[in-house]
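The residues making up each chain are set out below.
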Amino acid sequence: VDATLAPDATRATLRAALDHDGRIDGEVTLSGSGSTQALAGRVDLALNSLAFVELLTPAVAAVQGRVSANLSLGGTTAQPQVQGSASVAGFAAEIPAAGLQLHDGEVMVRASDLEHFTLDGRIGSGGGTLALSGSGGGNELHATIKGENFLAADIPAAMVLVSPDLRIDRDDKR
């Protein structure tokens, strides 16, 4: 972390190397004075391994994949503006208790501001796939989950295949 503090401008830079050639890079600048300083900056993140997830819960094993995120900052301290995207690629994991081996997971989230986002993703299990898409903003959320022959459980007592076609809508009224 490197920071420069001055009465009319503040600048902070963050650079860090992470495991598996991952990184976090960012810079933020505040300029002007008073309660509505101008805000500018960016934050970029690359996690090239998700193996650490196994340390957080015993429910998953053999976690693979990578995360990337790119955010832009703007506006003022009174009304900050953030836009950007985050993605998970190459996701795979085992869920031993359910007998599952998830594979080919991809998720992309894009935000045009602090309140609005879009989401697209998919994951495979067995010979099937689930697809997720949606958008939201304010108090609204619209999402779909569709799939065919997705293996939801494969244990000695049952092999469960699902083919969902769900639509989720939320607004001020529901």
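In the block above lies the structure referred to throughout.
None of the values given here were measured: they were computed from a predicted structure.

Asker: I'm lost on the side chain of S49 in this one. Help?
Answerer: Summarising the element assignment, S49 is placed in the loop between β4 (38-47) and α1 (53-56). For S49, the side chain forms a polar contact with the main-chain nitrogen of A51, separated by 3.2 Å.

Asker: What exactly am I supposed to notice about the sheet that holds β4 here?
Answerer: Judged by pairing direction, the sheet is antiparallel, and its 11 strands sit side by side in the order β1-β2-β3-β4-β5-β6-β7-β8-β9-β10-β13 without closing on themselves. The two strands at the open ends of the sheet, each matched to only one other strand, are β1 (2-5) and β13 (165-170). Strand-to-strand, the axes of this sheet are offset by a mean angle of 5 degrees, without reference to chain direction. Relative to strand β10 (residues 140-148), strand β9 (residues 128-137) runs antiparallel, the two sharing 9 bridges. Each residue of the ladder has a partner; that of L130, found in β10, is G147.

Asker: Just checking my understanding: could you explain a nonpolar patch on the surface for this structure?
Answerer: Residues V107, V109, F117, L141 and I168 make up a contiguous nonpolar surface patch of roughly 320 Å² in combined accessible area. Position of F117 relative to the elements: it lies in strand β8 (residues 116-125).

Asker: Honestly, the environment of T29 in this entry has me stumped. Any pointers?
Answerer: Inspection of the secondary structure assignment puts T29 in strand β3 (residues 22-31). For the pair formed by T29 and T77, sequence separation is 48 residues and the distance between their alpha carbons is 11 Å. Leave out the neighbours within four places in its chain, and T29 touches T10, R11, A38, L39 and A40.

Asker: Explain the nonpolar core to me, please; I cannot follow it from the model alone.
Answerer: In summary, soluble globular proteins display a tendency toward joint burial of nonpolar side chains. Within the largest apolar cluster, 5 residues are counted, these being L50, V60, V63, V67 and A93. Among all residues touching V63, those that are not within four sequence positions of it are L50, A51, V53, E54, F91, A92 and A93.

Conventions used here
Residues numbered from 1 in each chain as written. Predicted model: local features only at pLDDT ≥ 70, side-chain atom pairs only at ≥ 80, totals over all residues. Heavy atoms only, no water. Helix = DSSP H or I, 4+ residues; strand = E, 2+ residues; numbered from the N terminus. Polar contact = N/O pair within 3.5 Å; in protein donor to acceptor, adjacent residues only side chain to side chain. Pairing = 2+ DSSP bridges. Axes fitted to C-alpha atoms, helices over the stretch in contact; angles between N-to-C directions. Patch = residues over 30% accessible without salt bridge, like charges linked within 9 Å, V, L, I, M, F, W, Y side chains within 5 Å. Areas by Shrake-Rupley, 256 points an atom, 1.4 Å probe, with all protein chains shown as cover. Salt bridge = Lys/Arg side-chain N within 4 Å of Asp/Glu carboxyl O. Contact = heavy atoms within 4.5 Å. Core = buried A, V, L, I, M, F, W, Y, C linked by side-chain atoms within 4.5 Å. Buried < 20%, exposed > 50% of the residue type's maximum accessible area, 1.4 Å probe, protein only.

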